[in-house]
Amino acid sequence: MTEPQFSIRGLIIAGTDTGVGKTVVACGLAAAAAYAGVSVGVIKPVESGCMEKAGRLIPADASILLEAAQSGQTLNDVCPYPLKAPLAPSVAAKLEGVSIDPNDIVKIVNEALFEFEFTLVEPAGGLLSPLADKLDSLELARLVGLPILLVAPNKLGVINHVRLCEKSIRSSGVLLWGIVLNQPSATPDESALTNREEIERFVKAPFVIELPYVSMTPEMSWPSRELMSPLIERLR
Ligand SMILES: Nc1ncnc2c1ncn2[C@@H]1O[C@H](COP(=O)(O)OP(=O)(O)O)[C@@H](O)[C@H]1O
Ligand SMILES: [Mg+2]
């Protein structure tokens, strides 16, 4: 057997909130890792707000993660629980009569960990958003034994959100692998100039990496390998 290229087997890509750039970061990482010759599996265990096409729910995040990772998984492997309502997954599932089994999600992640050299899991919402009864991103990380890459938006208020998440992660015994301070806005506010420094001062994390605003195109719908290289270097 050849030596694994990466020092860890996977990451839970958790957010301080929804819409902070988890999918953007996960896709950038998946594509860069795949380019480096690492086999990458992706899991978006539960996705709400799916569009219906030909009687089938299409999970958008799962689709783009799959495209970035080029893993050969099926959409159903990536997202076993697609839901229609654009609500918190636990609420959408209840509305749609779907029962989400945390053990099933743990099993799916474990299977990906077995099959791929590196597995990226993007749960829904923020760190403590319920995915099901007794399951959120943090609990999933604990159950499958993966560290967390925390994605936070570089805007006013982020220091508080990162500190709250760090306290929760620390108290659960899960490893905080690092923080991506992401810029999802083309017009950053003034705090973006100093947030990183403040987070480094107040939060114990191995690193805080800034990801700038990237203008996405249909040809380039995630950050470039160059932008992801600081993260890839830390994985080696
Ligand atoms: N660095 C970035 N540059 C440009 N747009 C971004 C960036 N990060 C996020 N976005 C945009 O912000 C929105 C939310 O990002 P997304 O990755 O879907 O968040 P999440 O997965 O946390 O809900 C998307 O429209 C995405 O394209
Ligand atoms: Mg997402």
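Every value quoted in this text rests on a predicted model; they were computed, and no experiment measured them.

Each value, and the rule that gives it
- Residues numbered from 1 in each chain as written.
- Chains lettered and ligands numbered in written order.
- Predicted model: local features only at pLDDT ≥ 70, side-chain atom pairs only at ≥ 80, totals over all residues.
- Pairing = 2+ DSSP bridges.
- Helix = DSSP H or I, 4+ residues; strand = E, 2+ residues; numbered from the N terminus.
- Axes fitted to C-alpha atoms, helices over the stretch in contact; angles between N-to-C directions.
- Expected span 1.5 Å × (residues − 1).
- Buried ≥ 20, exposed ≤ 12 C-beta atoms within 10 Å, placed from the backbone.
- Arc of directions from axis to C-beta.
- Contact = placed C-beta atoms within 7 Å.
- Right-handed = clockwise from strand over helix to strand, strands pointing away.
- Core = buried A, V, L, I, M, F, W, Y, C linked by C-beta atoms within 7 Å.

On to the sheet that holds strand E2 (residues 40–43), then. The strands making up a sheet associate through backbone hydrogen bonding, with each pair oriented either parallel or antiparallel. In space, the 6 strands of this open sheet follow the order E2-E7-E1-E10-E11-E12, with parallel pairing throughout. Among the strands making up the open sheet, the edge pair consists of E2 and strand E12 (208–211). Each strand of the sheet is rotated relative to its neighbour by a mean of 25 degrees, with strand direction disregarded. Across 3 bridges, the pairing between strand E1 (residues 10–15) and strand E7 (residues 118–121) is parallel. Bridging across to E7, leucine 11 finds its partner in leucine 120.

Compared with the 20 Å implied by 1.5 Å per residue over 14 residues, the 20 Å span of helix H5 (residues 102–115) between its first and last C-alpha is a close match. For H5, the complete set of buried residues consists of Ile105, Ile108, Val109 and Ala112. Relative to the axis of H5, the buried residues are bounded by an arc of 95 degrees and lie together on one face. In H5, the exposed positions that point more than 90 degrees away from the buried face belong to Asn103 and Phe114. Its buried side turned inward, H5 meets E2, E7, strand E9 (135–136) and helix H6 (137–144).

Looking now at the pairing of strand E11 (residues 176–182). Where a strand is regular, its side chains alternate between the two sheet faces. Across the 7 residues of E11, 6 count as buried, placing the element largely inside the fold. Two strands pair when backbone bridges link them, and strand E10 (residues 148–153) and E11 are joined in this way by 6 bridges, in the parallel orientation. The residue of E11 that forms the bridge with alanine 152 is leucine 181. For the handedness criterion, the β-α-β arrangement of E10, helix H7 (residues 158–172) and E11 is classed as right-handed. As paired strands, E11 and E12 are joined by 4 bridges and run parallel to one another. When the bridges of E12 are listed, isoleucine 179 appears paired with valine 208. Handedness of the crossover is the feature at issue here: the chain leaves E11, passes through helix H8 (residues 195–202), returns alongside E12, and the resulting connection is right-handed.

Following the sequence through the fold, valine 24 ends up in helix H1 (residues 22–35). Once you skip the residues sitting within four places of it in the chain, valine 24 turns out to touch Asn182, Trp222 and Pro223.

Now for the pairing of E7. Residue alternation in E7 divides its side chains into two sets, Phe118 and Leu120 and Thr119 and Val121, and both sets are buried. Summarising the sheet, E2 and E7 pair through 4 bridges and their orientation is parallel. By the bridge assignment for E7, glycine 41 is matched with threonine 119.

In this structure, Ile13, Ala30, Val42, Leu65, Ile148 and Leu150 are the most contacted members of the largest nonpolar core, which totals 69 residues. Ranked by the residues each element gives to this core, the list is headed by H1, at 9 residues. If near-sequence neighbours (up to four positions away) are discounted, alanine 30 is found in contact with Val40, Val42, Leu65, Ala68, Ala69 and Leu120.

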